[in-house]
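If you want the building blocks of each chain, they are given just below.
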Amino acid sequence: MSLKKIVIVGGGAGGLELATKLGNKLGRSKKAEITLVDRNNSHLWKPLLHEVATGSLDDGVDALSYLAHGYNHHFNFQLGSLTGLDREQKTITLAAIYDEEQELLVPERTLDYDILVMALGSKSNDFGTPGIKENCIFLDSPQQAHRFHNEMLNLFLKYSADNNAQEENRKVNIAIVGGGATGVELSAELHNAVRQLNSYGLKKLAPSALNITLVEAGERILPALPVRISSAAHQELTKLGVRVMTKTMVTSADEGGLNTKDGEHIDADLMVWAAGIKAPDFMKEIAGLETNRINQLVVKPTLQTTVDESIFAIGDCSSCPRKEGGFVPPRAQSAHQMASRCYGNILAMLKDKPLKDYVFTDHGSLVSLSKFSTVGSLMGNLMKGDMMIEGRIARIVYISLYRMHQIALHGYIKTGLMMLVGSINRVIRPKLKLH
């Protein structure tokens, strides 16, 4: 009897954790063949991309190799991008892979599956705003984060080499659209980067030379968090010198900056778009599956798609209803929880047992303002409502969220060793990646 084939498309927080669990449980004992598909060779926790962008995190050190991790946890890895899905034949199609000179490396291929899990994550949604794709950077991937990092360093180098910049009171203008966690955290990390570069010898590059504008269309930044936390973050950013503009809609972008609905032009040498998400465009009604207006696959509470019970969807690419109304928010903690429930339901399916509904548990949200502050709310069974935390305690809890992800992938012992190595690196390596 042939092994059941379980294919997971997308190696983000949810997909990689699921592949690891299934590999350890079924792959190790040869009870199923687990395959993870991703368009990148390595994994980096998406909430850390803003740190890669500013250079405070070196993904060359922190990224995880899918191939090596698969070997250690008994699942296969296939490099490739999903281009097609045939539900009748139960196959997926992966695009051909070419090198930088457009030489064919791997031809188009198909993979068979018995159970398919879509964990493709999300990408930035520019809502069709003119000029955004051409002039803004989207922090969706390590490649985009590297692009921002290089352009940022070039801007700072150019400013520090300009003898007239300080006399003429010129500034480095950076505009960030979107007052969610990514936009807020990036704003603070940029100020930390300037301070580090100044200490490394770029003396002309002082925090006063940095002009950051954070643009949010809604009433306040961090709209998913309680008002008091949003206000605390707003105040911290203002102290740093960030210009926070709320109730401001961007209507277009050009090479020189952003244009708003109110007729203002926001000068910018570097622009980041972090306003809203959507699932990849090719997901829209893929293979006849039900999708919503932002291309997410609509799933039942069991995380199975509404049209095909052999296909699951987890993380940002899924639209999962909640009993109390609304939908599960696109957060890393949602993907983590979905991976655990999907794991249990796949095991139940293989044993012909009933599947259980996924219930989202909100443990709160935390936003790191780099070295300056951390604010957020914690929710749990021991308290009614939520508790606001900030400062050193909030920073410890924020870091622990990443540690939980590492523990899910590596276990306690290896994660502990990684923490030790990280502590050593903070002593012997530069505080900012400069290349």
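What counts and what doesn't
- Residues numbered from 1 in each chain as written.
- Predicted model: local features only at pLDDT ≥ 70, side-chain atom pairs only at ≥ 80, totals over all residues.
- Heavy atoms only, no water.
- UniProt positions renumbered as here; feature names shortened; annotations may be inferred.
- Helix = DSSP H or I, 4+ residues; strand = E, 2+ residues; numbered from the N terminus.
- Contact = heavy atoms within 4.5 Å.
- Areas by Shrake-Rupley, 256 points an atom, 1.4 Å probe, with all protein chains shown as cover.
- Buried < 20%, exposed > 50% of the residue type's maximum accessible area, 1.4 Å probe, protein only.
- Pairing = 2+ DSSP bridges.
- Salt bridge = Lys/Arg side-chain N within 4 Å of Asp/Glu carboxyl O.
- Axes fitted to C-alpha atoms, helices over the stretch in contact; angles between N-to-C directions.
- Phe/Tyr/Trp six-rings, centres within 6.5 Å; stacked < 30°, edge-to-face > 60°.
- Patch = residues over 30% accessible without salt bridge, like charges linked within 9 Å, V, L, I, M, F, W, Y side chains within 5 Å.
- Core = buried A, V, L, I, M, F, W, Y, C linked by side-chain atoms within 4.5 Å.
- Lys, Arg positive; Asp, Glu negative; His and termini not counted.
- Charge placed at Lys NZ, Arg CZ, Asp CG, Glu CD.
- Polar contact = N/O pair within 3.5 Å; in protein donor to acceptor, adjacent residues only side chain to side chain.
- Parallel < 35°, antiparallel > 145°, perpendicular 65-115°, else oblique.
- Left-handed = near helix turned anticlockwise from the far one by under 90°.
- Nonpolar A, V, L, I, M, F, W, Y, C, P; charged D, E, K, R; others polar.

Per an unreviewed UniProt entry, the protein chain carries the name NAD(P)/FAD-dependent oxidoreductase and comes from Proteus cibi. The heading Sequence similarities (unreviewed entry) in the UniProt record of the protein chain holds the text "Belongs to the NADH dehydrogenase family."

## Focus: the overall build of the protein chain
From N to C terminus, the protein chain includes 11 helices and 27 strands. In the protein chain, the proportion of contacts linking residues at least 24 apart, taken out of those at least 6 apart, comes to 63%. Roughly 21,100 Å² of accessible area belongs to the protein chain as shown, and the carbon and sulfur atoms make up 52% of that amount.

## Re the pairing of strand β7 (residues 91-94)
Residues Thr-91 and Thr-93 point to one face of β7 and Ile-92 and Leu-94 to the other, with burial holding for every one of them. Note: strand β6 (residues 82-86) against β7, four bridges, orientation antiparallel. Looking at β7, one finds that Leu-85 is bridged to Ile-92. The hairpin formed by β6 and β7 contains four residues between the paired strands, and Lys-90 there has a positive phi angle of roughly 55°.

## Focus on the pattern of salt bridges
Think of it this way: side chains of opposite charge can pair up when their charged atoms draw near. Evaluation of the coordinates by the stated rule reveals 10 salt bridges. Across the pair Asp-308 and Arg-87 runs a salt bridge whose closest N-O atoms are separated by 3.3 Å. Of this pair, Asp-308 sits in the loop between β22 (297-298) and β23 (311-313) while Arg-87 sits in the loop between β6 and β7, and the two are 221 residues apart along the sequence. On the basis of relative accessibility, which here comes to 11%, the residue Asp-308 falls in the buried class. Residues Lys-239 and Glu-236 are paired through a salt bridge, measuring 4.0 Å at the closest nitrogen-oxygen approach. Taken together, the residues Lys-239 and Glu-236, both in helix α8 (residues 227-240) and three residues apart, mark about one turn of the helix.

## Things to note about unusual backbone geometry
One non-glycine residue, Glu-285, adopts positive backbone phi at about 55°. Relative to the elements of secondary structure, Glu-285 occurs in the loop between β21 (277-278) and β22. In this structure, Ala-287 takes a positive phi of about 55° despite not being glycine. Within the secondary structure layout, Ala-287 lies in the loop between β21 and β22. Given a relative accessible area of 30%, Ala-287 falls into the partly exposed group.

## Describing the sheet that holds strand β14 (residues 172-177)
If you trace the five strands from one edge of the open sheet to the other, you get β13-β20-β14-β15-β16, paired in parallel fashion. Edge positions in the sheet fall to β13 (137-138) and β16 (243-245), since each of these pairs with one other strand and no more. The pairing of β14 with strand β15 (residues 210-215) spans six bridges and is parallel. Across the sheet, the residue bridging to Ile-174 is Ile-212, located in β15. Each of β14, β15 and β20 (270-273) touches helix α7 (residues 181-199); the most contacted strand, β15, lies at about 175° to it.

## Focus on the packing of aromatic side chains
Enumeration according to the criterion identifies one aromatic pair in this entry. For the ring pair Tyr-66 and Phe-77, a centre distance of 5.0 Å and an interplane angle of 25° mean the geometry is stacked. Taken together, the residues Tyr-66 in helix α4 (residues 66-73) and Phe-77 in strand β5 (residues 76-79) connect sequence positions 11 residues apart. Each member of the pair, Tyr-66 as well as Phe-77, carries the same accessibility label: buried.

## Description of a nonpolar patch on the surface
Together, Ile-413, Leu-417, Leu-420 and Ile-424 line one region of the surface with nonpolar side chains, adding up to about 420 Å² of accessible area. Inspection of the secondary structure assignment puts Ile-413 in helix α11 (residues 412-428). Overall, the relative accessible area of 70% leaves Ile-413 in the exposed class.

## Things to note about the nonpolar core
Core analysis: the biggest nonpolar cluster contains 51 residues, and Ile-92 and Met-118 have the highest contact counts within it. Of all the elements in the fold, those that place two or more residues in this core are β1 (4-9), α1 (13-27), β2 (32-38), β6, β7, β11 (115-118), β23 and α9 (332-350). Residues Trp-45, Ala-53, Phe-148 and Leu-197 belong to the second largest nonpolar core, which totals 44 residues.

## Focus: a positive patch on the surface
A grouping of Lys-25, Lys-31, Lys-351 and Lys-353 is seen on the molecular surface, where their side chains present a positively charged patch. Secondary-structure assignment places Lys-25 in helix α1.

## Structural notes on the side chain of His-73
Mapping His-73 onto the fold places it in helix α4. A polar contact is formed between the side chain of His-73 and the backbone oxygen of Leu-409, at a distance of 3.3 Å.

## Considerations on the packing of helix α6 (residues 142-161) against α7
Where α6 contacts α7, the two axes come as close as 12 Å, and the packing angle between them is 45°. If you check the angle between α6 and α7, you find them oblique. Relative to α7, the crossing made by α6 is right-handed. On the side of α6, the interface is formed by Phe-148, Met-152, Leu-153 and Phe-156, while α7 contributes Leu-186, Leu-190, Val-194 and Leu-197. Tallied by class, residues from the contact of α6 with α7 come to eight nonpolar, no polar and no charged.

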